[in-house]
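For reference, the chains in residue letters:
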Amino acid sequence: MKSKSVLVIGAGIGGIVAATHLAKHGMKVTVVEKNSRAGGRCDRLSRDGHHFDTGPTLLVMPLLYESEFQALGTSMREMLDLQRVDPTYHLVFDDGSKLALTSDMKAMQEQLEKFEPGSFDGLLRYMTEGHRHYHLGIERLVNRDFRKASEFFTIKNIPLIQQLKPLANHYKNMSAYFDDPRLKSAFTFQDVYMGLSPFEAPATFSLMPYSELAHGVWYPRGGMYSIVEALMKVAQDAGVEFVFDASVARVDVNSTHARGIVLDDGQRLEADAVLANADLPYIYNDLLPDKGIARSISRKRFSCSVISFFWGVDKKYENIPPHTLFLAHDYRENFKSIIDDLGLPDNPSIYVHAPARLDPSMAPTGEDTIIGIVPVGHMSENGEQDWAAIRDDARQHVFRRLASIGITDLESHIKFETNFTPLSWRKRYNLMKGSTHGLCHNITQLGYFRPGNKHARYDNLYFTGASTHPGTGMPTAMVSGRLSAQRIMDDFHI
Ligand SMILES: Cc1cc2nc3c(=O)[nH]c(=O)nc-3n(C[C@H](O)[C@H](O)[C@H](O)COP(=O)(O)OP(=O)(O)OC[C@H]3O[C@@H](n4cnc5c(N)ncnc54)[C@H](O)[C@@H]3O)c2cc1C
């Protein structure tokens, strides 16, 4: 019997993983990617011996990666040369105090007790809650899709409201563990990874800081892009065909069925199924005809964006740790400026990454590779944000923050700079509103409420990736790829 064919739009993590599962089950899979290489948001920039991960910089939730590599018939530890990053983050607060988050509980105790007597006990209790949230969340919400409402609204799921605290606010919930606002921010800032402010995120997301301390933050030699290289090898070995520099102009549909895709150059490709990995709101808005659904998707809540600076510098900064976070004391105001006002806070929190601390080959000998990331609002509907001016302000904030830890000469040692604003994110990866994490993960956009992995009308059009189920992040994109592939195989009785 002739094998069934699938066209995948986009070679992001979800697209590569789904394609591999489908090919391993005998389907003929072609991935069509607009850019000249795979990886999507997990991208790499190399210049003059400096290597930058331009998207993800943190390998978090290693257990999820491990099980997804296993599901692909391979092993994460064999495919990637991993090292544990500990301390995970060096936190710097506005008052000059510092906290190195570490899995060494004795070192944590010594540091925390200086911030707030009794707070180490708070951490242990918070970790207990995080442990419960992690294991239940992964098993009951992340590692499965919800094809029908009846799979989500079950009697068995009712206790989850208590056990996972989806209706409790994450920041408010922190009062049960810490009084010091610096500690509350130290264990909630990870909500930004979900595109959320801790002031609106469900308390469920304590699973993130828990996993970072319990399972570790890791770094693959060669940077995060080596994950893409590993996945591409598995995909190509499975027989997936990749076509690069080919942008899809539209999905070719009739009233109930997707016939295939049409490329920008007019070429038509046909297949038994189409799987869209490009970000879901963009697919509805730009590649499908129904403008009603597109409008309702664009009215959903989008995650924030970031302005990123990639600097090749002619001096080595051994005293810049691998992951430094400058957390602003006006934490609530910070999120308000980003999420409600769609701007740059007056005193933004900032993340600085120095990959050569972890892998010296990321910079030439005696030099350094520095990334500065400043969270900002996503693009507004009225297009009134002046991104060049906002970017220039953001750059000065990074230099100001670095000066506060004694790095005063970085600007004069920069050999070259590349930067990304929300406009770049939109242009490079077709991310609507330049939103780096796509649809955010507030309570109304989680679980069954998140757009599913199959189109409601077209019976052979599927979705995978950050804005669909289960959500944003590299390991979750791998889960999404597997779940979408499973859905296709179930429909085709494979
Ligand atoms: C700045 C930043 C930092 C992040 N940090 C982390 C982190 O530290 N850890 C972590 O786990 N996650 C992180 N993430 C999230 C993670 O990168 C994403 O959730 C994940 O990579 C999304 O994968 P995806 O499957 O949705 O595909 P995407 O990355 O969205 O890829 C989709 C692909 O579709 C292509 N495409 C779009 N339109 C078309 C078209 N018309 N025709 C053909 N191809 C098209 C795009 O070019 C792209 O290659 C970060 C993301 C960003 C942006």
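Residues numbered from 1 in each chain as written. Predicted model: local features only at pLDDT ≥ 70, side-chain atom pairs only at ≥ 80, totals over all residues. Heavy atoms only, no water.

A. How the structure looks around the layout of surface pockets. Estimates place the volume of the second largest pocket at around 240 Å³. Among the elements of the structure, helix 12 (280-287) and helix 13 (291-298) are those that each provide at least two residues to the lining of the second largest pocket. When grouped by side-chain class, the residues that make up the lining of the second largest pocket number 8 nonpolar, 2 polar and 3 charged. (1 Å grid on protein atoms, 1.4 Å probe; cavity = no way out; pocket = protein on both sides within 12 Å on 5 of 7 lines; lining within 4 Å. Points joined across faces, edges and corners; volume = space filled by probe spheres on them. Helix = DSSP H or I, 4+ residues; strand = E, 2+ residues; numbered from the N terminus. Nonpolar A, V, L, I, M, F, W, Y, C, P; charged D, E, K, R; others polar.)

B. Region of the structure containing a nonpolar patch on the surface. Together, F153, Y448 and F449 make up a nonpolar patch on the protein surface, roughly 300 Å² of accessible area in all. Overall, the relative accessible area of 40% leaves F449 in the partly exposed class. (Patch = residues over 30% accessible without salt bridge, like charges linked within 9 Å, V, L, I, M, F, W, Y side chains within 5 Å. Areas by Shrake-Rupley, 256 points an atom, 1.4 Å probe, with all protein chains shown as cover. Salt bridge = Lys/Arg side-chain N within 4 Å of Asp/Glu carboxyl O. Buried < 20%, exposed > 50% of the residue type's maximum accessible area, 1.4 Å probe, protein only.)

C. Layout of the nonpolar core. By size, the foremost hydrophobic cluster in this structure holds 64 residues, and its most contacted members are L91, L99, L101, L123, F187 and F189. Considering each element in turn, this core owes the most residues, 7 residues, to helix 5 (residues 119-142). Each residue touching L123, except ones within four places of it in the same chain, is listed here: M105, M108, L112, F178, F187 and L213. Counting 43 residues, the second-largest nonpolar core is a separate cluster that includes A19, L80, Y462 and M489. (Core = buried A, V, L, I, M, F, W, Y, C linked by side-chain atoms within 4.5 Å. Contact = heavy atoms within 4.5 Å.)

D. Structural detail: empty space enclosed by the protein. Tallied over the full model, the rule gives 1 cavity of 30 Å³ or more. What the largest cavity holds in volume is close to 30 Å³. The wall of the largest cavity is formed by Y284, L288, D290, I293, H455 and Y458. Partitioning the lining of the largest cavity into residue classes produces 4 nonpolar, 1 polar and 1 charged.

E. Representation of the sheet that holds strand 10 (residues 248-253) within the structure. As summarised here, the arrangement of the 3 strands in space is 10-11-12, forming an open sheet in which the pairing is antiparallel. In this open sheet, the two edge strands, each paired with only one partner strand, are strand 10 and strand 12 (268-270). The average undirected angle you get between the axes of adjacent strands in this sheet is 25°. With 5 bridges connecting them, strand 10 and strand 11 (residues 258-263) associate as antiparallel partners. Looking across to strand 11, one finds that V248 is bridged to L263. (Pairing = 2+ DSSP bridges. Axes fitted to C-alpha atoms, helices over the stretch in contact; angles between N-to-C directions.)

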